[in-house]
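Structure at a glance
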Amino acid sequence: MLKWSFHWLGVFLLPSLAFAQGAAEPVTGPAAAATTPAADVDLEEIRRALEADVQAAEKDAPTFTPPTAQASGRRMFNPEISVIGDFAFAWFTTDEPRQTGGHDPAETGFNLQGLELSIRQSVDPYFRFDGNLVFSLFGVELEEAYATTLSLPYNLQARFGQFLTRFGRYNPTHPHQWSFLDQMLVYGKFFGPENNRGLGVEGSVLLPLPWYAEVLASMTDAEGAESTRSFYGSADVTVDSPADFQYTLAVKQFFPLSDDWSLNWGVSAALGPNPTGRGNRSDIYGTDIYLKWRPITTAADWMYVALQAEYLYRLRQVPQRLLRDHGGYAYLIWHFSKRWETGVRHEWVSGVEDDPLDPEWNEARHRTSGQLSFFPTEFSRLRAQINYDRPRWEDPYWGFFLGAEISVGAHGAHAF
Amino acid sequence: MIRFVATLLFVLLGAGTAQARLNIVTSVPDLAALTKAVGGADVDVRSLSLSTQDPHFVDARPNLALALNKADVLIVLGGEMEVGWLPVLQRGARNSAILSGGRGYLDCSNHVALKEQATGAVDRSQGDIHPGGNPHYLRDPHNGVACAEAIAERLAKLDPEHAALFRTNLDAFKADMQKRIAGWEKAAVGWKGSPVLVYHKSWTYLIEWLGLRPIGTVEPRPGIPPSPAHVARLIAETAASKPRALLQEEYYPAGTSRLVAEKTGATLLHLPGGTRFEKQQTYPEYVDAVMSKLGEALGREEGE
């Protein structure tokens, strides 16, 4: 039993030990063999080691080089800064287009979708900072500003600040990462024009399995008309208990089917309160897949075909009723030459009759889109998109878009 | 119960001892081959990319982050070669040892003299340039040797038990390379001053090592695909110099190069982009393959 207690003590002490040591040591390999704490280590020994390490860290502090996630060999203290501008010209065959996204081309004419200023840098050996400010013609919006831990043990990682929750595959992405230039309908309807985000904390762990499997949980504010429509949304509610926050849970798995084929699969849940009365809840469940073929083994590695699809199911408790609706999308991208790609997309969202929380949108809606994009370099993109939008409560209409995107500053790295 | 606890403790705490080999991940296969030459049977080596992939544009597939999660060492080309994909993997790996600046992170560009370092103002109107210098330095085998030295030194530091072995392997590798370099240089004596074209400025180190004369690039600027006007100008300007060869990695599109080669009289050489590490090819075998292809265009008999 004694061994058990020490082991658990170790579990709780190790994270702080890692912090006190500067960069955490790798936990595998021969180096680890020498540093792995023995089971019979006593408390006094740990305390002494901690003190010694703190003193050593203080002594070494001025010369310490913080590890960073930059591939650059140059050392600079200015953060990496980049600016990405998205501009569009739109033409709709209706006077009242119903684009959902806060950064969509929303009316006929020229549109500034957004000018994103992204700032990122390692804070110290323990944290990295990421910030995204989005400028529109009349204001600035703090899209994201969060810190990510860099050296937690046991494959853990935590984030805190304002961030897009990692629900599904589409939610945490920014407009310049999108293959189509407007927001997915289902995200606009279930979460709001900015996708789901909020102030909060997130923890995640990479499971010790032979394949990539990550489990994450976050707790964020359930308020915000732009990003939590299914939860408190624009309602002004005071927080009384932990039940007044939104909780997001997700499992993300990746299967490298071969060098050329990749499959990503995720399941997510976003759970939180809604404003229709104390205790009433909204639950959103989702699953997403991303299947990509890129023939890297045959030296045509600029070519790829990718299929992405998501399905979301929503339950909302309101007085005397349980509302159920769902929606999703699927799109296929064919990057057929080094500079060109084309894609098709279909989206649908169901509606709930007499929806008390969403009276404007209580019938089904389908939208089909096609796009053709030209990438002069990886720092610019010109594209054309056509939408055929079919809200059941009014006549179908067309949308035509021409978009231009430019990116300057630090070279960003692309997530898969 | 006691047995269960003992087993659990062994699994949880003893995992490090069970896996007493260095687990090394490299960004490109050339570095993996160099690491294998130095580490021998006592290290596990894996490359994040294949030789058929353009190392500028590798997908940050999550299984690669998993490889980095378990890695003791990450060895990269540096010079911003991997800037578009590696940082995502490093962050996703949850392993502070392999973050840039970590004890297991080795940037080989710090151990060679980089050419074409930017002086003065730099922006992307000059193309997708690497301000710190041209990162395709492994095309000169002298730099391969320099990297192998840096790798051996790092491995010895991280695994002192096998340090002597790594140094012995390094000495053997260097001796072998010295002999081979002398052979390659002898074979290339007659190539000195031969005018050549390249697709991307990725052959600079090879060209300077062998004393070839670069007279034009198919890409108007690094990373920018050729326009018809540029191709016409390139042909007009270089045809008279009678370029002997057009050097290009197999992962770049060949249509334009074929036309340029045909119009200028150059031989289009489709060269492997890197060591076929996944097929157990070694780094000297890769240089050999490149040299033998070059021989097809520039002639063998002169040097032999």
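Refer to the structure presented above.
Structure report, in brief. Note that the structure is predicted; figures quoted are calculated from it, not measured. The numbers attached to residues start from 1 for each chain and follow its sequence in the written order. A letter from A marks each chain and a number from 1 marks each ligand, given out in the order of writing. In keeping with the model being predicted, local features are shown solely for residues with a pLDDT of at least 70 and side-chain atom pairs are shown and tallied solely at 80 or more, while totals for entire chains, interfaces and linings include all residues.

So, the overall build of chain A
- The helix count covers DSSP runs of H or I at least four residues long, the strand count covers runs of E at least two residues long, and both are numbered beginning at the N terminus. Of the regular secondary structure elements, chain A holds four helices and 16 strands.
- Three exposure classes are used. Buried residues have 20 or more other C-beta atoms within 10 Å of their own C-beta, exposed residues have 12 or fewer, and partly exposed residues fall in between, all C-beta atoms being placed from the backbone. Evaluated residue by residue, chain A yields a buried proportion of 38% over its 416 residues.
- Long-range contacts, defined here as pairs at least 24 residues apart, represent 57% of the contacts in chain A between residues at least 6 apart. Residue pairs qualify as contacts under a 7 Å threshold applied to their C-beta atoms, which are placed from the backbone.

Considering the overall build of chain B
- Scanning chain B from N- to C-terminus turns up ten helices and eight strands.
- In summary, chain B has a C-alpha radius of gyration of 22 Å against a globular reference of 19 Å for 304 residues, a match within 12%.
- The principal-axis extents of the C-alpha atoms in chain B amount to approximately 85 × 45 × 35 Å.
- Counting every position in chain B, which comprises 304 residues, the buried fraction comes to 51%.
- Pairs at least 24 residues apart make up 62% of the contacts formed inside chain B by residues separated by at least 6 positions. Restricting the calculation to C-alpha atoms gives the radius of gyration, and the globule rule supplies 2.2 Å times the number of residues raised to the power 0.38.

Some thoughts on the sheet that holds strand E3 (residues 73-76) of chain B
Residues and elements named next belong to chain B.
- At least two bridges found by DSSP between two strands are what make those strands a pair. Strand order across the open sheet formed by four strands is E2-E1-E3-E4, with parallel pairing between neighbours. Edge strands, defined here as strands with exactly one partner in the open sheet, are strand E2 (43-47) and strand E4 (105-107). On average, each strand axis in the sheet is tilted by 20° relative to the strand beside it, whichever way the strands run.
- For E3 and E4, the ladder comprises three bridges, and the chain directions are parallel. The partner of isoleucine 75 across the bridge, within E4, is leucine 106. Inter-axis angles, ranging from 0 to 180 degrees, are taken between N-to-C directions of lines fitted to C-alpha atoms, where helices are fitted over the stretch in contact.

Here's the deal with the packing of helix H5 (residues 141-158) of chain B against helix H6 (residues 163-187) of chain B
All names here are of chain B.
- The contact between H5 and H6 brings their axes to 9 Å, and the two run at 175°. On the basis of their axis angle, the class for H5 and H6 is roughly antiparallel. The segment H5 lies against H6, with Pro141, Gly144, Val145, Ala148, Glu149, Ala152, Leu155 and Ala156 engaging Ala163, Phe166, Arg167, Leu170, Phe173, Lys174, Met177 and Ile181.
- Across the contact of H5 with H6, the residue classes break down as twelve nonpolar, one polar and three charged. By the definition adopted for this analysis, an angle is roughly parallel if under 35 degrees, roughly antiparallel if over 145, roughly perpendicular if from 65 to 115, and oblique otherwise. Here the term charged refers only to Asp, Glu, Lys and Arg, the term nonpolar to Ala, Val, Leu, Ile, Met, Phe, Trp, Tyr, Cys and Pro, and the term polar to all other amino acids, Gly among them.

Notes on the pairing of strand E7 (residues 212-221) of chain A
Residue and element names in this part refer to chain A.
- One ladder, built from seven bridges, connects strand E6 (residues 197-206) with E7; its direction is antiparallel. Note that in E7 the partner of serine 204 across the bridge is leucine 216.
- Following E6, the chain reverses through five residues before pairing antiparallel with E7.
- In the sheet, E7 pairs with strand E8 (residues 245-255) via ten bridges, with the strands oriented antiparallel. Looking at the pairing, aspartate 221 lines up with phenylalanine 245 of E8.

A look at the pairing of strand E7 (residues 245-249) of chain B
Residues and elements named next belong to chain B.
- Judged by how many residues are buried, E7 sits mostly within the fold: five of five residues are covered.
- Of the two faces of E7, the one lined by Ala245, Leu247 and Glu249 and the one lined by Leu246 and Gln248 are each fully buried.
- Direction of pairing for strand E5 (residues 195-198) relative to E7: parallel, over a ladder of three bridges. Looking at the pairing, valine 196 lines up with alanine 245 of E7.
- With five bridges joining them, E7 and strand E8 (residues 267-271) adopt parallel strand pairing. For leucine 247, the partnering residue across the bridge sits in E8 and is leucine 269.

Overview of the environment of valine 122 of chain B
Residue and element names in this part refer to chain B.
- Counting through the fold element by element, valine 122 comes out in the loop between E4 and H5.
- You can call valine 122 exposed: it has 11 C-beta atoms within 10 Å.
- The residues contacting valine 122, other than those within four sequence positions of it, are Ile129 and Pro131.

Some words on the sheet that holds E7 of chain B
All names here are of chain B.
- Across the sheet, four strands lie side by side as E6-E5-E7-E8; this open sheet has parallel pairing. Edge positions in the open sheet fall to strand E6 (213-217) and E8, since each of these has one partner strand only. Sheet twist, expressed as the average angle between the axes of neighbouring strands with direction ignored, equals 30°.

Notes on helix H10 (residues 283-298) of chain B
Residues and elements named next belong to chain B.
- In a helix, the anticipated span is given by 1.5 Å times the number of residues less one. The terminal C-alpha atoms of H10, which comprises 16 residues, lie 22 Å apart, in line with the 22 Å expected from a rise of 1.5 Å per residue.
- Buried residues of H10: Tyr283, Pro284, Tyr286, Val287, Met291, Leu294 and Leu298, and no others. One face of H10 carries all of its buried residues, which in axial projection span an arc of 155°. Those residues of H10 that are exposed and angled more than 90 degrees off the buried face are Ser292 and Glu296.
- For H10, the secondary structure elements touched by its buried residues are helix H2 (29-39), H5, H6, E7 and E8.
- Immediately beyond the C-terminal end of H10, within one or two residues, lies glycine 299, with a positive phi of roughly 95°. By construction, the arc corresponds to the directions joining the helix axis to the C-beta atoms.

Looking at the environment of tryptophan 340 of chain A
Residues and elements named next belong to chain A.
- Looking at the element boundaries, tryptophan 340 is found in strand E13 (residues 340-349).
- Distance in space between the C-alpha atoms of tryptophan 340 and methionine 303 is 9.5 Å, their sequence separation being 37 residues.
- In contact with tryptophan 340, other than residues within four places in its own chain, are Ser373 and Phe374.

Remarks on the packing of H2 of chain B against H6 of chain B
- Put simply, H2 of chain B and H6 of chain B touch, their axes get as near as 7 Å, and they point 115° apart. Mapping the contact onto sequence places Ala37, Val38 and Gly39 of chain B in H2 of chain B and Phe166, Asn169, Leu170 and Phe173 of chain B in H6 of chain B.

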